[in-house]
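# What the coordinates show
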Amino acid sequence: MGRVEYSPLFETRRCRGRFIYRSFAISLFVAICFIWHYRFSHITKGEDGNWAWLGMLASELWFGFYWVLTQALRWNLVFRQPFKNRLSQRYEKKLPRVDIFVCTADPDIEPAMMVINTVLSVMAYDYPTEKLSVYLSDDAGSQITFYALLEASNFAKHWVPFCKRFKVEPRSPSAYFKSLVSSGYPTDPSQAKELGNIKKLYDEMEKRIEDATKFGEVAKEARLKHMGFSQWDSYSSRRDHDTILQILLHKNDHNNSKDVDGFVLPALVYLAREKRPQYFHNFKAGAMNSLLRVSSNISNGKIILNVDCDMYSNNSQSVRDALCFFMDEEKGQEIAYVQFPQTFENATKNDLYGGSLTSILEVEFPGLDGYGGPLYAGTGCFHKRESLCGMKFSDQYCNDWNSEDDQFKEANLQELEQQSKVLASCNYEENTLWGKEMGLKYGCPVEDVITGLSIQCQGWKSVYYNPPRKAFLGLAPTTLPQTLVQHKRWSEGDLQILLSKYSPAWYGFGRINFGLQMGYSVYCLWAPNCLATLYYSIIPSLYLLKGIPLFPKISSPWFIPFAYVIVGETTYSLLEFFFCGGTFQGWWNDQRIWLYKRTSSYLFACIDTILKLFGFSESTFTITTKVTEEDASKRHEKEIMEFGTSSPMLTVLATLALLNLFCFLSVLKDAILGEGDIGAYETMGLQVLLCGFLVFINLPIYQGLFLRKDNGRLPSSIAIKSIVFALGVFISFIFT
Ligand SMILES: O=c1ccn([C@@H]2O[C@H](COP(=O)(O)OP(=O)(O)O[C@H]3O[C@H](CO)[C@@H](O)[C@H](O)[C@H]3O)[C@@H](O)[C@H]2O)c(=O)[nH]1
Ligand SMILES: [Mn+2]
């Protein structure tokens, strides 16, 4: 076959406006150098507060250094465009098998209905069904989740053909029904009729599942109908049970594999890997590795898609989009994974908790993509099985999509289940390379990032694709404490990567592009940011009380670089935010959450990392809850900040907020009473501004402490503690 002309399956475009951005960045760097110079040259001159000056120097050195690192994420953005038509023209008959992994771990905070909606959405991909297999890993080993999946396997017989016949979008039933309310009901009479039937089936199924959830167990009749339930006979708790594995749908099961139109459905498998108290289960990484082995025995798809249980597919074309990258004849060889953005359906307009991760997803990931590819973000990511299982990339490597012999043609399902169970047992991994060189890496709370990094260090590339119609939609945390806990896990995990064998700083050296090393370091150094930020949000305000200036006077030429950096960065971040579709209020909220993460999540992440280094603390994985109570959910819609629980992180935030309030009020008092000379404000302009900014941005905390009556306010225990701490610091500082 002579190739007339190679037409690629995807295209890569570089971002326009690079020149403008780069010029701006360079000018900002010059200003930063001036600031450094100012600090160095003035440090010995100040008499009072010399130590404070040293701290300012250290903080500004850190901020400047960190800012330089972040430039790697903005220097060279690229955007990808796949061509699905070419894919189907060339490969429609030869498309590879795709295995889809959905992970769930706790039915109380990850409701079964949500889980099966995700499962149904991925079963209904626009893709040859005999080539799709969907696996649900249930780390809770919950009978109710199993029951829900069983129900879903029956519902799928109606749902999948319905989606395909009417090209429905999105293909999560619950999201689809919800979307009808705003986008309008179908006008086509046959669709409307079928919709009525389907909605009825769905509601009945939902009722049965909700009932089971309410009673905490599955009704006896239902249990007797399916022998799969007998696997729970030996179950003692979610931390102590045998492997439970059930193939619910499979083309070899001739009685039960077809939809109502007579077409084969995707394979569907339930897996709860074995758990024993004496074996550490390694959280999601452990679950994923069991899935990798079990699926290799059942379907062995060359491509693997991994989603969290809340991340349903919102775009039925995503598998094809991803394959355009993998199957491109020239550039597809070296691509190990294709990451889609993690987008969230529950973000409110002004995104109070910055949960949309806007600048990360819209700017920074395309930036990483320019240097070898984005991080693996744990969900919404397609992998080549080979690279995920630890294979190194070499120039000899060649994609081979043809060799998919049908090794499973004759398989007897019961035998297949029995053989596969062994692969998910606790001791299977003993003395193997699983978790080290094979599969997802163990020992890190961000198993995804460290795994992606090690794949890139093996010579592979990755790709970021952000389609116009979002590929996946999930749930972002809806309260401040949840947000802070999630970011603590992330920043702690990322810092551990920096200190681990796979550190982007040294292990990555020579293995990945320098820009990518810098990019990874930005995330790995999230946590240490707490020090400089805490310093900046405490010391200048306290020194304001004493009348000791830490910044140049407004009339001094040294004021110019400070002003340039402040105005330049603020304007830039505002523009970037608008450009990504954000609102002004959203930007302001983003600044606040930026501050809160740095002064609480990151602080505790640093402390925990240090404790762990000395063996005082164990790694944990606090699962983000995906349910919101009703009145909290109302406040969420109104964008009222939800504090609710008492936690040390909130105490820190409240203390800082109050301390700044005291400083600001005392300065204000002096100004009004005319005490202290007015000239002082000229010398202290920047300090007053900083303190005022901190007070202004903390308004929701003062409301939560003193003005609100609802359940989402700051608990009074925190109010008392933070007042005591803040007053203590304030008074002791005045009198020393
Ligand atoms: O022991 C566990 C713990 C968690 N999970 C699953 O892992 C997923 C992610 O957990 P979640 O609590 O939602 O954490 P997030 O912070 O939202 O997750 C992000 O960050 C994690 C790493 O910290 C990644 O694993 C996730 O894929 C990524 O979406 C969920 O589906 C869980 O069911 C397990 O399967 N087993
Ligand atoms: Mn999540």
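Residues numbered from 1 in each chain as written. Chains lettered and ligands numbered in written order. Predicted model: local features only at pLDDT ≥ 70, side-chain atom pairs only at ≥ 80, totals over all residues.

Once that is clear, we can look at the overall build of the protein chain. The helix and strand inventory of the protein chain stands at 25 helices and 13 strands. By the compact-globule yardstick of 27 Å for 736 residues, the protein chain fits well, its C-alpha radius of gyration being 28 Å. Residues classed as buried in the protein chain amount to 47% of the 736 residues present. (Helix = DSSP H or I, 4+ residues; strand = E, 2+ residues; numbered from the N terminus. Rg over C-alpha atoms; globule rule 2.2 N^0.38 Å. Buried ≥ 20, exposed ≤ 12 C-beta atoms within 10 Å, placed from the backbone.)

Glancing now at the site of ligand 1. Surveying the vicinity of ligand 1 reveals 24 residues, the closest of which are Cys-103, Ala-105, Phe-283, Asp-308 and Gly-378. Secondary structure elements with two or more residues in the shell around ligand 1: strand S3 (98-104), helix H9 (283-298), helix H14 (447-457) and helix H15 (480-499). Taken together, the residues of the shell around ligand 1 sort by class into 10 nonpolar, 7 polar and 7 charged. Looking at which domains feed residues into the shell around ligand 1, each of domain 1 (34-43 + 533-734) and domain 2 (97-495) supplies at least three. (Near = placed C-beta within 6 Å. Nonpolar A, V, L, I, M, F, W, Y, C, P; charged D, E, K, R; others polar. Domains from an automatic or database assignment.)

With that out of the way, let us pick up the UniProt feature "binding site: UDP-alpha-D-glucose" (unreviewed entry) in the protein chain. The sites that UniProt annotates as "binding site: UDP-alpha-D-glucose" (unreviewed entry) are Glu-110 and Asp-139. For the annotated residues, spread through 30 residues, the largest C-alpha to C-alpha distance comes to 11.3 Å, consistent with a single compact locus. Among the secondary structure elements, Glu-110 is positioned in the loop between S3 and helix H4 (112-123). We classify Glu-110 as buried; it has 26 C-beta atoms within 10 Å. (UniProt positions renumbered as here; feature names shortened; annotations may be inferred.)

The next thing to look at is the UniProt feature "active site" (unreviewed entry) in the protein chain. What UniProt calls "active site" (unreviewed entry) maps, in this numbering, to Asp-139 and Asp-448. Among the structural elements, Asp-139 can be located in the loop between strand S4 (132-138) and helix H5 (143-166). Once you skip the residues sitting within four places of it in the chain, Asp-139 turns out to touch Thr-104, Ala-105 and Ala-287. By the secondary structure assignment, Asp-448 is in helix H14. Judged by local crowding, Asp-448 falls into the buried class, with 24 C-beta atoms found within 10 Å. (Contact = placed C-beta atoms within 7 Å.)

Bringing the sheet that holds strand S10 (residues 343-344) into the picture now. Read from one edge to the other, the open sheet built from 3 strands follows the order S8-S13-S10, with strand pairing classed as mixed. Edge positions in the open sheet fall to strand S8 (312-313) and S10, since each of these has one partner strand only. Across 2 bridges, S10 lies against strand S13 (residues 472-474) in parallel orientation. Its bridge partner being in S13, Phe-344 is matched across the sheet by Gly-474. (Pairing = 2+ DSSP bridges.)

A common way to express how large an interface is: the accessible area buried when the components associate. When its domains are assigned, the protein chain resolves into domain 1 (34-43 + 533-734) and domain 2 (97-495). Listed by partner, the interface residues are 40 residues for domain 1 and 38 residues for domain 2. Secondary structure elements with two or more residues in the side of domain 1 that touches domain 2: helix H18 (559-579), helix H19 (584-613), helix H20 (630-637) and helix H21 (648-673). It is H19 that provides the largest number of residues to the side of domain 1 that touches domain 2, a total of 14 residues.

Our focus in this paragraph is helix H11 (residues 358-369). Helix length check: H11, at 12 residues, gives a terminal C-alpha distance of 16 Å against a target of 16 Å (1.5 Å per residue), a fit within 8%. Extensive coverage of H11 is indicated by the burial of 9 of its 12 residues. Within the span of H11, buried status applies to Thr-358, Ser-359, Ile-360, Glu-364, Phe-365, Pro-366, Gly-367, Leu-368 and Asp-369. Looking at the packing, one finds that the buried side of H11 touches strand S2 (78-82), strand S12 (461-464), helix H16 (514-524) and H18. (Expected span 1.5 Å × (residues − 1).)

Taken over all residues, the pLDDT of the protein chain has a mean of 94, while the share at 70 or more is 97%. Here the predicted complex scores 0.96 on pTM and 0.99 on ipTM. (pLDDT = per-residue confidence, 0-100.)

Turning our eyes to something else, we now look at the sheet that holds strand S6 (residues 267-272). With mixed pairing, the 8 strands of this open sheet are ordered in space as S5-S6-S4-S3-S7-S11-S9-S12. The open sheet is flanked by strand S5 (244-249) and S12, the only strands paired with a single partner. In this sheet, neighbouring strand axes are inclined to one another by 20 degrees on average, regardless of whether the strands run parallel or antiparallel. Where S3 and S4 come together, 7 bridges link them in parallel fashion. Bridging across to S4, Thr-104 finds its partner in Asp-138. (Axes fitted to C-alpha atoms, helices over the stretch in contact; angles between N-to-C directions.)

With that settled, consider the environment of His-42. When you line up the elements, His-42 lands in helix H1 (residues 18-42). For His-42, a count of 14 C-beta atoms within 10 Å gives the class partly exposed. Measuring from C-alpha to C-alpha, the distance between His-42 and Tyr-66 comes to 23 Å, with 24 residues separating the pair along the chain.

Where helix H2 (residues 50-71) contacts helix H17 (residues 529-546), the axes come no closer than 9 Å and their chain directions differ by 140 degrees. As far as their axial angle goes, H17 and H2 are oblique. Two packed elements cross with a definite hand, and for H2 against H17 that hand is left-handed. Residue-level inspection shows Ala-52, Gly-55, Ser-59, Trp-62, Phe-63 and Tyr-66 of H2 in contact with H17, the latter providing Asn-529, Ala-532, Tyr-535, Tyr-536, Ile-539 and Tyr-543. In terms of residue class, the contact of H2 with H17 is made up of 9 nonpolar, 3 polar and no charged. (Parallel < 35°, antiparallel > 145°, perpendicular 65-115°, else oblique. Left-handed = near helix turned anticlockwise from the far one by under 90°.)

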